[in-house]
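Coordinate analysis (summary)
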Amino acid sequence: MTRVYEVSDSAEAGRLAAYDAALDIDSRDINDPVPYAPEPLAVAEEEKRKVSLFDSFSEVNSIPPEQYARFDVKRGLRNADGTGVIVGMTNISDVHGYRVEDGKKIADEGHLRLRGYDLYDLLGDDSPERRFAFEEVAYLLLVGSLPTESQLAQFVEVIDSQRELPDGFTASIIMHDVPPDIMNVLARSVLQLYTYDRFAEDRSPKHEVHTALSLMSRLPRIMVLTYYAIQSRFHHGSMIMHRFVPGQSTAETILSMLRPDRQFTPEEARMLDIMLCLHTEHGGGNNSTFTTRVLSSSDTDPYSAYSAAIGSLKGHRHGGANRQVLGMQQEIKDNVANWENDDEVAAYLARIVNKQAYDKTGLVYGMGHAVYTLSDPRAVILKRFAAKLAAGTEFEREFNLLQSIERLAPQVIEQEKGTKKDMCANVDMYSGFVYTMMGIPEELFTPLFACARTAGWAAHRFEEIGSGKRIIRPAYKTTGTPHQPYAPIEER
């Protein structure tokens, strides 16, 4: 089995081990140690003795990788060249990173279009008068067209009116037995909101739209309250419970409730607004959106579908990349004396590629993507805004280092591995850096992703309900053990 890969699909997938972004296959053995994992669970020897699966788990659950090629199985719903198997249709967005000509995959400049509108155009205006865009992008995704000024104002008013939580919700759901991960509380909270909805089983468009808007409104507040509940329970911090301020945008609401003194600059609010926009939607095939589609196709309730999507996004192969990118960048900062010296930076990148540094997987986190090849439009936009935010501050030197990593990594990989791959910086090369500049804790990186992506999930659920009309049910090829004669238990 191939064990070394150079690139990580960390734009939407934080990889725990050797990972090929093009093929989307994690080559880590099931028994390999996992970076960032908590202390291993201590299982009593008596329990191990009674349940043989503790010793045979890998043997029972492993299928030889060559079997997938032998039977032409689309592992992970991916073709042999890494392109996705087409399993549905959508009018919501177009994620473009390559062309297919005469059956061959050709690298191309990346673009992300939402309802036909290019992301560069939607987020191209950075003037002071054009401060917030998240609500406008959410409207576009849900309604299908860009709003007029009056339509946007009414839409924002509706979202603003839904932020209140049911009586006792904070104490009984958020603060009661709070786990150490915010994403689990978000999922639990969404399921619990089902119990407060007398019409939860209503599948009418009216109820679907109302539920989506209420979750878009409430999840940011639940996220911040959960963060402080966790700080109080596990880290001896204060339980801060700021009220939301009516009339504030989603980005302003998050910062206002998160900051102990409630203070933030217009530039910070605009930057967080951009981050939310970049995470709002990324095609029907990303794992959490596909999860939403799968559950919606079964005709389950919206709360179950959105909760499952949150569980998907939490996964280290989907929404957990920021912290790995930050960890790698921090190690480079700690071990490279002169950040302006290309030779020193390249030398340390070579150590990472050769599995001599960082997590010894050979991955350069923040570089490469399963779809984008020459450029990731989200990274291009984020880099531009990050440059403005860092200019003239203590972070400018670090921003320049990230640019050097982006520029040098492809050269180092080609030099050290002898292979040339089409790769670009993905959005996570700069997203964690931007969050850090704004003083946003790492624990909130993926929950912020969830708050933003709710709009995209809702748009795809609506489309699945309106057009799918068939439960998603792919087939699995059965291999391995042939038919076995049954023997009574006393004869085994």
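Just so it is clear, the model here is predicted, and its values are computed rather than measured.

**Remarks on the packing of helix H11 (residues 266-279) against helix H19 (residues 445-468)**
The N-to-C vectors of H11 and H19 enclose an angle of 65°; their axes lie 8 Å apart at closest approach. Compared by their axis directions, H11 and H19 come out roughly perpendicular. Where H11 crosses over H19, the handedness of that crossing is right-handed. Taking contact as the criterion, the partners of Leu 272, Leu 276 and His 279 in H11 are, on H19, Leu 448, Phe 449, Ala 452 and Arg 453. Looking at the contact of H11 with H19 residue by residue, the class counts come to five nonpolar, one polar and one charged.

**Section: the pattern of salt bridges**
Going through the model one piece at a time under the given rule, you end up with 19 salt bridges. Where Glu 164 meets Arg 221, a salt bridge forms, and the shortest distance between an N and an O atom there is 3.8 Å. On the criterion of sequence distance, the pair formed by Glu 164 in the loop between helix H6 (149-161) and helix H7 (169-174) and Arg 221 in helix H9 (residues 205-235) is long-range, its members being 57 residues apart. With its nearest N and O atoms 3.3 Å apart, the salt bridge here joins Arg 203 to Asp 299. Within this pair, whereas Arg 203 is found in the loop between helix H8 (182-195) and H9, its partner Asp 299 is found in the loop between helix H12 (287-297) and helix H13 (302-314), the two being separated by 96 residues in sequence. A cluster of three or more residues bridged by salt bridges with shared partners is formed by Arg 99, Glu 101 and Asp 108.

**What to know about the side chain of Ser 375**
Tracing the sequence through the fold places Ser 375 in the loop between helix H15 (342-353) and helix H16 (377-390). Residue Ser 375 is classed as buried on the basis of its relative accessible area, which comes to 11%. Here Glu 109 takes part through its side chain, which lies 2.7 Å from a polar atom of the side chain of Ser 375. Side-chain polar atoms of Ser 375 contact the backbone nitrogen of Gly 110, separated by 3.0 Å. Every residue in contact with Ser 375, bar those within four places of it in the chain, is listed here: Asp 108, Glu 109, Gly 110, Val 380 and Cys 424.

**Quick look at the nonpolar core**
Nonpolar side chains tend toward joint burial in soluble globular proteins. In this structure, Leu 272 and Leu 349 are the most contacted members of the largest nonpolar core, which totals 119 residues. It is H9 that provides the largest number of residues to this core, a total of 13 residues. Not counting the four nearest positions on each side in its chain, Leu 349 is found in contact with Ile 332, Val 364, Ile 405, Leu 408, Ala 409 and Val 412.

**Observations concerning helix H10 (residues 250-258)**
In terms of burial, H10 is largely enclosed, as nine of its nine residues are buried. Within the span of H10, buried status applies to Thr 250, Ala 251, Glu 252, Thr 253, Ile 254, Leu 255, Ser 256, Met 257 and Leu 258.

**Section: the packing of aromatic side chains**
Considering all chains together, one arrives at nine aromatic pairs under this definition. Centre to centre, the rings of Tyr 358 and Tyr 365 are 5.9 Å apart; their planes meet at 80°, and the pair counts as edge-to-face. Judged by its relative accessible area of 0%, Tyr 365 falls in the buried class. Between the aromatic rings of Phe 395 and Phe 433, the centroid separation amounts to 6.2 Å while the plane-to-plane angle is 80°, which identifies the pairing as edge-to-face. One end of the pair, Phe 395, is in the loop between H16 and helix H17 (396-417); the other, Phe 433, is in helix H18 (residues 428-437), with 38 residues separating them in the sequence. Taken together, the ring pairs in this structure connect Phe 395, Phe 399, Tyr 430 and Phe 433 into an aromatic cluster. The side chain of Arg 75 reaches across the aromatic face of Tyr 68, ending 4.4 Å from its centre. The aromatic ring of Trp 339 is capped on one face by Arg 397, whose charged end is 3.8 Å from the ring centroid.

Rules used in this analysis
- Residues numbered from 1 in each chain as written.
- Predicted model: local features only at pLDDT ≥ 70, side-chain atom pairs only at ≥ 80, totals over all residues.
- Heavy atoms only, no water.
- Axes fitted to C-alpha atoms, helices over the stretch in contact; angles between N-to-C directions.
- Helix = DSSP H or I, 4+ residues; strand = E, 2+ residues; numbered from the N terminus.
- Parallel < 35°, antiparallel > 145°, perpendicular 65-115°, else oblique.
- Left-handed = near helix turned anticlockwise from the far one by under 90°.
- Contact = heavy atoms within 4.5 Å.
- Nonpolar A, V, L, I, M, F, W, Y, C, P; charged D, E, K, R; others polar.
- Salt bridge = Lys/Arg side-chain N within 4 Å of Asp/Glu carboxyl O.
- Buried < 20%, exposed > 50% of the residue type's maximum accessible area, 1.4 Å probe, protein only.
- Polar contact = N/O pair within 3.5 Å; in protein donor to acceptor, adjacent residues only side chain to side chain.
- Core = buried A, V, L, I, M, F, W, Y, C linked by side-chain atoms within 4.5 Å.
- Phe/Tyr/Trp six-rings, centres within 6.5 Å; stacked < 30°, edge-to-face > 60°.
- Lys NZ or Arg CZ within 6 Å of the ring centre and 35° of its normal.

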